[in-house]
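Here is how the chains run, residue by residue.
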Amino acid sequence: MKQIQFIFLLFFIAVLSMTGCKEKNEAVKKEAVKTIDLKESVDGYTQYTIDTKTSYITYIGSKPTGKHNGKFYLSKGNIYVNNQTIVNGDIVIDLNSITVDDLNDKEDAQGKRVLINHLKSNDFFDVKNYPKGKFEITSVTQLTTKYSIDDKTEFESINQPLSNTENSIRNPTHIMSGSLELRGFKRSISFPIRITSSNSKIIIEGKLNIDRTDWSITYGEEASITDKLKDKFIYNTVNLGFYVEALKSNKKLSAHTLAPRTIDAFEKKFGIHKGKRRNHISGICFTGSFIINNERIRGLSSSKIFSTTPLKVIGRFSHKGGVKKDEAVHGEYGMAFQVILENGMTHNFSMNTLDFFPVSTPQGFLQLMTAKISGKEEDFVKLKKEHPEFKNFKAHYGKKPKVLKNYANHQFNSVNTFYLKNENGKKTAVRWSFIPRNETISINTSENVSYYKDLAELLNKKGKLLWDMVITIANPEDEINNAAKQWTGHHKTITAATLTINAVNEDGTCQNINFDPLQLQSGILPSEDPILKFRSPAYATAFVRRKQEQKQQK
């Protein structure tokens, strides 16, 4: 569990000679307490809205010469309950609201003001570029057994941070897991919480330690040598505390509530393969690079992914659906990859071979999966009636030839719409495709078909595989927020960049990456497409489930 942390004021390096390093790896076990009584609404899901007047996150940042503590307030958020259990939620943190509570407003007014401004600067939270943080709840598991917390080693001083055991909430009832986003970085965290509730209110209290460097909250490259030296002697461990009150809401439930039910549907349709993905289960990893090949893209987007220096890429090809025992069966395919910037930040692409999505809403997608599970004709009739766009999808794909092609010969599409944003703040709605320029692989179906074998042989022959990133610019009449609507007719396009793949692996680091399509860097923004917004919590829910299974398997 990780991060935040702070600094300020003069550092006397002489302090270091007084500090030692003691190895600590204690495990403190506590008995869990069972208590929760959350009532569900008639439709099975209840939304609770965060009370921003009473909710906050506390911090304690430490250095050998002192400590600072304060709060962040929340700007908005929701928690979703089903079957008397919190299933997920989203909490938006107002980083501009940071307070320093240990400095007196009168006696230490100037120092307090300087410290707050420093914490807001690029050295720490960089609130100018990242004014909001976000915590997405992906699971809340009731504690029915003992749990243990391992303490982290930190060098000793009178002001060293509280250990995990010292900072833990008393009498926890649950373990809460999710992703914490700061400065464009998303990191998974889990920590014990205590839930108290009534039919109209939920209160969540929890404490954890994080490591600020996991979110790149350190002095930047432009910092002075003195500042960089100071940074080395600020504790990386920051103590956090969550206090969240949420009130029952009568508003229409958001798509966020559908994520766990949709992942449940994947599991029913494709089976549970512990430690594996819930959809696109079969796949192979690849590594390569991503580089700009048209300077015109810089006029549309300020994103640093469009670099003249090749950026490292880790990605995955996949078959849609469950485990593919026979790759000779035609299907839909996926390509997802992560671009790693020079500063360590990442940007995700997550695409497939669909021209457009079968339905326009998350509710429709869950209904489609439910119909596939039942296999009943009446369920598909109801789907087509309530989501007529599905008829268009079936008609379109019914006419497409079922040609068996290897990953190297497929075009992969964003399907959803995004915005490119330039230095002047102008936004341009776009979709993109990665179009192959590789030698066609002839697939012999009389033998066992292996996409991995074919790719490896082609790579050995050619040395690399190439895809061009072709960006299509929306026309005024195009539907921006409807993934079930194909853009037709003439459009302006830019061949913006090239993806090069130089190695494939049947198993590798890609298998543990969550290719969340909303993990974006500045200069590329999501549209309000409900399917796109839904993908992020759905991916996160599935990711947490498989990570928990992997942990249990160890």
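Residues numbered from 1 in each chain as written. Predicted model: local features only at pLDDT ≥ 70, side-chain atom pairs only at ≥ 80, totals over all residues. Heavy atoms only, no water.

As annotated in an unreviewed UniProt entry, the protein carries the name catalase and comes from Tenacibaculum polynesiense.

**Q** Mind showing me how you'd approach the overall build of the protein here?
**A** Per the secondary structure count, the protein includes nine helices and 23 strands. Taken across its 554 residues, the protein has 54% of its residues classed as buried. Considering only contacts within the protein whose residues lie at least 6 apart along the sequence, 76% involve residues at least 24 apart. Carbon and sulfur atoms form 49% of the exposed surface of the protein, whose accessible area is close to 26000 Å². (Helix = DSSP H or I, 4+ residues; strand = E, 2+ residues; numbered from the N terminus. Buried < 20%, exposed > 50% of the residue type's maximum accessible area, 1.4 Å probe, protein only. Contact = heavy atoms within 4.5 Å. Areas by Shrake-Rupley, 256 points an atom, 1.4 Å probe, with all protein chains shown as cover.)

**Q** Help me understand a positive patch on the surface, please; the structure alone is not making it clear to me.
**A** Taken together, the side chains of Lys269, Lys320, Lys324, Lys372, Lys394 and Lys402 present a region of like positive charge at the surface. In this fold, Lys372 is placed in helix 5 (residues 362-374). (Patch = residues over 30% accessible without salt bridge, like charges linked within 9 Å, V, L, I, M, F, W, Y side chains within 5 Å. Salt bridge = Lys/Arg side-chain N within 4 Å of Asp/Glu carboxyl O. Lys, Arg positive; Asp, Glu negative; His and termini not counted. Charge placed at Lys NZ, Arg CZ, Asp CG, Glu CD.)

**Q** Just to check I follow, could you spell out unusual backbone geometry for this structure?
**A** What you tend to see is this: most non-glycine residues have negative phi, and most peptide bonds are trans. The backbone of Ser216 shows a phi angle near 60°, a positive value even though the residue is not glycine. Counting through the fold element by element, Ser216 comes out in the loop between strand 12 (201-211) and helix 3 (225-231). Within the chain, His280 stands out as a residue other than glycine whose phi angle is a positive 50°. Relative to the helices and strands, His280 is located in the loop between helix 4 (258-270) and strand 14 (283-292). A residue is classified by how much of its surface remains accessible, and His280, at 19% relative accessible area, is buried.

**Q** Mind showing me how you'd approach the packing of aromatic side chains here?
**A** For any pair of aromatic rings, geometry is given as the distance between the ring centres together with the angle between the planes. For the coordinates displayed, the defined rule picks out 29 aromatic pairs. Centre to centre, the rings of Phe317 and Phe412 are 6.0 Å apart; their planes meet at 40°, and the pair counts as tilted. You can see Phe317 sitting in strand 15 (residues 311-319) and its partner Phe412 sitting in strand 18 (residues 412-413), a full 95 residues away along the chain. Grouping residues by exposure puts Phe317 and Phe412 together as buried. Measuring from ring centre to ring centre gives 5.5 Å for Phe357 and Phe365, while their planes differ by 45°; the resulting arrangement is tilted. (Phe/Tyr/Trp six-rings, centres within 6.5 Å; stacked < 30°, edge-to-face > 60°.)

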